[in-house]
Amino acid sequence: MLNKEEIEKIIPQREPFLMIDKVEAYIPGESAVAYKQVKEDEWYFKGHFPGNPIMPGVLITESLAQTGAVAILSLEENKGRNALFGGIDKMKFKKVVIPGDILKLEVKIIKKKGPIGIGEAVATVQDKIVAKGELTFAVV
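Here's a quick rundown of the structure. (Residues numbered from 1 in each chain as written. Predicted model: local features only at pLDDT ≥ 70, side-chain atom pairs only at ≥ 80, totals over all residues. Heavy atoms only, no water.)

1. Let's talk about the packing of aromatic side chains
Using the following cut-off: Two aromatic rings, drawn from Phe, Tyr or Trp (for Trp, its six-membered ring), form a pair once their centres lie within 6.5 Å of each other, and the interplanar angle then sorts them: stacked below 30 degrees, edge-to-face above 60, tilted otherwise. With a 1.4 Å probe rolled over the protein chains alone, any residue whose accessible area is under 20% of its type maximum counts as buried; one over 50% counts as exposed, and the rest are partly exposed.
Per the stated rule, a full pass over the model turns up two aromatic pairs. When the ring of Trp 43 is compared with that of Tyr 44, the centres are 5.3 Å apart and the planes differ by 85°; the resulting orientation is edge-to-face. Seen from their ring centres, Tyr 44 and Phe 45 are 4.8 Å apart, and the 70° between their planes marks the pair as edge-to-face. Residue Tyr 44 is classed as buried on the basis of its relative accessible area, which comes to 5%.

See the structure below:
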């Protein structure tokens, strides 16, 4: 289990844009499972949407990307580097995410060639899929 301080030793994101709270498990270069506790006072709820707070799909996607970054950047040869988006494919949003939800974020690296790779990403709340798709990354 990694806490925020330990996560920050692997990926470069920081508050308020660090979108994962803890990592339950990871295999360097292969996979990671992380969690995000969605709180009422999240900065983005002020405008998305007042009186009907819904976590933006792009931030669910970013949470998944940060989870995948833990997997890929925890490889010894990638320490101190960054993983940037190269693409988002087949991303589908199945259910809204609201304050009080706990997002479970799972990313499995399914393809790697040099600094480029693809992660299969799934976000769930209470075992129900809220988003899934493929994330392409480039390690720089």
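2. Describing the side chain of Lys 36
Here is the rule we go by: Starting at the N terminus, helices and strands are each numbered in turn, a helix being any DSSP run of H or I of at least four residues and a strand any DSSP run of E of at least two. Polar contacts, as counted here, are pairs of nitrogen or oxygen atoms within 3.5 Å of one another; within protein the pair requires one atom able to donate a hydrogen and one able to accept it, and residues that are adjacent in sequence qualify only if both atoms are side-chain atoms. Whether two residues are in contact is decided by their heavy atoms, any of which lying within 4.5 Å being enough.
For Lys 36, the position within the fold is in strand E2 (residues 31-37). For Lys 36, a relative accessible area of 4% gives the class buried. Within the local environment of Lys 36, its side chain forms a polar contact with the side chain of Glu 42, the two groups lying 3.0 Å apart. In contact with Lys 36, other than residues within four places in its own chain, are Met 19, Asp 21, Glu 42, Tyr 44, Asp 101, Ile 102, Leu 103 and Leu 105.

3. Let's talk about the pairing of strand E5 (residues 116-125)
Condition: Two strands pair if DSSP finds at least two bridges between them.
Counting buried residues along E5, seven of its 10 residues qualify, which places the element largely inside the surrounding structure. Summarising the sheet, strand E4 (residues 102-113) and E5 pair through nine bridges and their orientation is antiparallel. Along E5, the bridge assignment pairs Lys 104 with Thr 124. Bridge analysis of E5 against strand E6 (residues 128-139) gives 10 bridges, and the strand direction is antiparallel. When the sheet's bridge partners are listed, Glu 120 is paired in E6 with Glu 134. Counting the residues in the hairpin turn of E5 and E6 gives two residues, including Gln 126, whose phi is positive at 50°.

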